[in-house]
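# Examining the three-dimensional arrangement
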Amino acid sequence: MASRKTFLICFLLFSIAATAATRFVEQRGKVRAYALISRSRGIRLQLVAVQGRVKFSDSLHWLSERSQRKLRRKFPTRKITISYGSLNSRAKKILMNKAFPKDSFRRGVYRHKVVYRGAETFWRLGEWFTGNGANYRAIMKMNRIKSSTLKLGAWISIPKQLLLPAFLPQERPLSKPVLGKPKPEPLQPVSRTTANPVPVSKLGSKITELSPDAKRFHLKYGKDKEGAYAVYRLAKGEALYSSVVVRFTGRLDADAVHELVRIIVKRNKIPDVTDMKVGYPVKIPMEYLLPEFLPRTTKAFKEYQEELKETEKAAQETRIGTATHLNGVYLILDSGHGGRDTGAKYNGAWEDDYMYDIICRIKRIIEKETKGHVLPTTFDKSSRYTPIDKKNLHMDRDEYLRTTPMFPLNSKYVTSVGVHLRWYFANYQYERLKKTGVPGTNIVFISFHSDALYHKVTGTMVYIPSASRKLFRSHVMMKSGKYKPYLEYRSHPMYKFSRKKVQVAEGLSRKFARVLIAQLKAKGIPTHKEKAIRSYIFRSRRSRPFVPAVVRYSKMPLRCLIEVANLKNKGDAANVRDPKFREKYAHAFVQALIQFYGGS
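Residues numbered from 1 in each chain as written. Predicted model: local features only at pLDDT ≥ 70, side-chain atom pairs only at ≥ 80, totals over all residues. Heavy atoms only, no water.

A tally of helices and strands in the protein yields 19 helices and 23 strands. Burial analysis of the protein (600 residues in total) assigns 54% to the buried set. A sequence separation of at least 24 residues applies to 71% of the contacts in the protein between residues at least 6 apart. As displayed, the protein offers around 28700 Å² of accessible surface, 52% of which is attributable to carbon and sulfur atoms. (Helix = DSSP H or I, 4+ residues; strand = E, 2+ residues; numbered from the N terminus. Buried < 20%, exposed > 50% of the residue type's maximum accessible area, 1.4 Å probe, protein only. Contact = heavy atoms within 4.5 Å. Areas by Shrake-Rupley, 256 points an atom, 1.4 Å probe, with all protein chains shown as cover.)

This is the structure we're talking about:
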């Protein structure tokens, strides 16, 4: 009897060992990452604190944007297990490389070796490597396997066209670029489908009439059984990621960029994204195009043009008095995040302290060299408002919003209540200053941030309010009882907006943004080369555009959110860490403000 029990225990232990495993992935600071592989849950990531606790900032390297918002409340913790679907593209690749070190991409297919008995199924391979478990049929068909059981040690080939972008070979520059002017090609090879596309000439003026931006990039339009599309021919050195998706669709988030590239690759039947010749005609689905690249006669383009004209006209009709040396100008300065919310954190830099250092420099310059006034929204008890001339700043949590009473940014409500108290504070100061006789156009609200986008996106972007009918809201009021202790909320809990005033704000803010971008370029500071001024943000491929709350709900006629840099780009992150860059940026901003108000 005892021997039977011993055998049974040994058998169970062997079964568990054969179907579950833990693999060390990497250690960042005091947090270790492990890959957990089991029969019941597949593959997951586990973050374990060697000392202290795992903070939310430690998870940013791994989580997708959507998962960051969903899982934020679970931090800090000693240990957390994260599902594979919650990881970002880069994290998925790192995890799979550690869990399956023998996998590789060879001869146009991804070769995967089955290592974990029971934990790997065709459905899971579809989920892990293609993003959809339903692709298991295509994987089985390619490998000529009829049984759904995977044998230990078997090699499985996964078609390249199904792979998530993270598992495709990395982009490389064209080894043999085609010299000279590319010969025009007919549109038919672009579709590479059994059904021929409709020639552009037969689509009529309704879809072929080009907008100015479409002409600039020599876009052409077509239509096939999958719908309408625009065709762009790649120039020398261009790739799908930055030269097509970022430029023409406005998507900047890494996951959204990779997902759209996958869709475009599938639509065009592109065999290898790393070997696309100069002049290659790429079809871009019309549904993802920014309005400025749509045909002139489409409804979306007409609305875009009309809104642009209305805001430009509203700005011209709004009188701004000359303010020599910024005399009589009040600047409400906001630095994003703070306290337990570090914001974006990549390549040794993070939003919180580095953006706070920039507003401290702006405050010092304005108060010492001009006659302007500065009202910061935040206050750091450690550094106060003294700029720090160091590359490696200290990350602390002792920042506060300057509300009445002060709101501690180490509160667990920092990303909800804290966000909205910023514009409540700004609006309270705006109303207070107007009562003392300060013109509304002399009160400016600027919020400084750093972004975390696709790694090849670089430079400053400025977000301005949008008067678009689709984004306009006539009123706003936060209803949670968490706001009631603060004077700024109690004095005016609801704010109303007229579309005319938002049009004025969009026009004036765009006018200032143009001056700022010109100043930054003059000083050699990188700005986004495709579209440095934007009135809304896309956070994913399918998400509706939105306007950040601090810009959308503020009342100042001139208000902007400035994304100083993209911290996922190593060059941008190195700039932000450099105190000389931060000083130069502060001077460029002040000079733009002086120029906007009529010079010194």
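This part is about unusual backbone geometry. With an omega dihedral of -5°, the bond running from Phe75 to Pro76 counts as a cis peptide bond. Along the chain, the position of Pro76 falls in the loop between helix H3 (65-71) and strand E4 (79-83). In this structure, Pro405 follows Thr404 across a cis peptide bond, with omega equal to -5°. Mapped onto the fold, Pro405 is located in the loop between strand E16 (399-401) and strand E17 (407-408). We note that Asn347 has phi near 55°; this positive angle belongs to a residue other than glycine. Mapped onto the elements of the fold, Asn347 is located in the loop between strand E12 (345-346) and strand E13 (349-350).

A separate point is the packing of aromatic side chains. This structure, assessed with the given rule, holds 32 aromatic pairs. Seen in terms of ring centroids, Phe248 and Phe293 are 4.9 Å apart; in terms of plane orientation they differ by 75°. Their pairing is edge-to-face. Separated by 45 residues along the polypeptide, Phe248 in helix H10 (residues 240-249) and Phe293 in the loop between strand E10 (281-285) and helix H12 (299-317) bring together distant segments of the chain. There is no split in this pair, since Phe248 and Phe293 are both buried. Relative to Tyr495, the ring of Trp423 lies with its centre 6.3 Å away and its plane at 70°, an arrangement referred to as edge-to-face. One end of the pair, Trp423, is in helix H14 (residues 417-435); the other, Tyr495, is in strand E21 (residues 494-496), and 72 residues separate them in sequence. (Phe/Tyr/Trp six-rings, centres within 6.5 Å; stacked < 30°, edge-to-face > 60°.)

Let us look at the sheet that holds strand E2 (residues 31-38). A sheet is described by the order of its strands in space; here four strands give the open sequence E1-E2-E3-E4, paired in antiparallel fashion. The outermost strands of the open sheet, each flanked by one partner alone, are strand E1 (21-28) and E4. Between one strand axis and the next, the sheet turns by 25° as a mean value, whatever way the strands run. Inspection of the sheet shows strand E3 (residues 42-49) paired to E4 by five bridges, in the antiparallel sense. Across the sheet, residue Gln46 finds its bridge partner in E4, namely Thr81. The strands touched by helix H4 (residues 89-99) within the sheet are E1, E2 and E3, with E1 carrying the most contacts at an inclination of about 130°. (Pairing = 2+ DSSP bridges. Axes fitted to C-alpha atoms, helices over the stretch in contact; angles between N-to-C directions.)

Next up on the list: the pairing of strand E6 (residues 109-113). With three bridges connecting them, strand E5 (residues 104-106) and E6 associate as antiparallel partners. Residue pairing in the sheet places Phe105 in a bridge with Tyr110 of E6. Taking the residues that link successive antiparallel strands as the turn, the E5-E6 hairpin has two residues, and the phi of Arg107 there is positive, at about 50°.

What follows concerns the nonpolar core. Membership of the largest hydrophobic core comes to 98 residues, with the highest contact counts inside it found for Ile362, Ile446, Phe448, Phe512 and Phe589. With ten residues, helix H19 (residues 579-596) is the largest single contributor of residues to this core. Not counting chain neighbours up to four residues away, the residues in contact with Phe512 comprise Ile446, Leu558, Cys560, Phe589, Ala592, Leu593 and Phe596. (Core = buried A, V, L, I, M, F, W, Y, C linked by side-chain atoms within 4.5 Å.)

Next up on the list: the packing of H10 against helix H11 (residues 254-268). Viewed as axis vectors pointing N to C, H10 and H11 meet at an angle of 100°, and their least axial separation amounts to 10 Å. Between H10 and H11, the interaxial angle falls into the category roughly perpendicular. Contacts between H10 and H11 involve Leu240, Tyr241, Val244, Val245, Val246 and Thr249 from the former and Val257, His258, Leu260, Val261, Ile264 and Val265 from the latter. Of the residues contributing to the contact of H10 with H11, the split by class is ten nonpolar, two polar and no charged. (Parallel < 35°, antiparallel > 145°, perpendicular 65-115°, else oblique. Nonpolar A, V, L, I, M, F, W, Y, C, P; charged D, E, K, R; others polar.)

To continue, consider helix H5 (residues 122-130). When you tally the buried positions in H5, you get seven out of nine residues, the bulk of the element. Every buried residue of H5 is listed here: Phe122, Arg124, Leu125, Gly126, Trp128, Phe129 and Thr130. One or two positions beyond H5, positive phi appears at Gly131, with a value near 90°.

Keep in mind that these numbers describe shape and distance, not what the molecule does.
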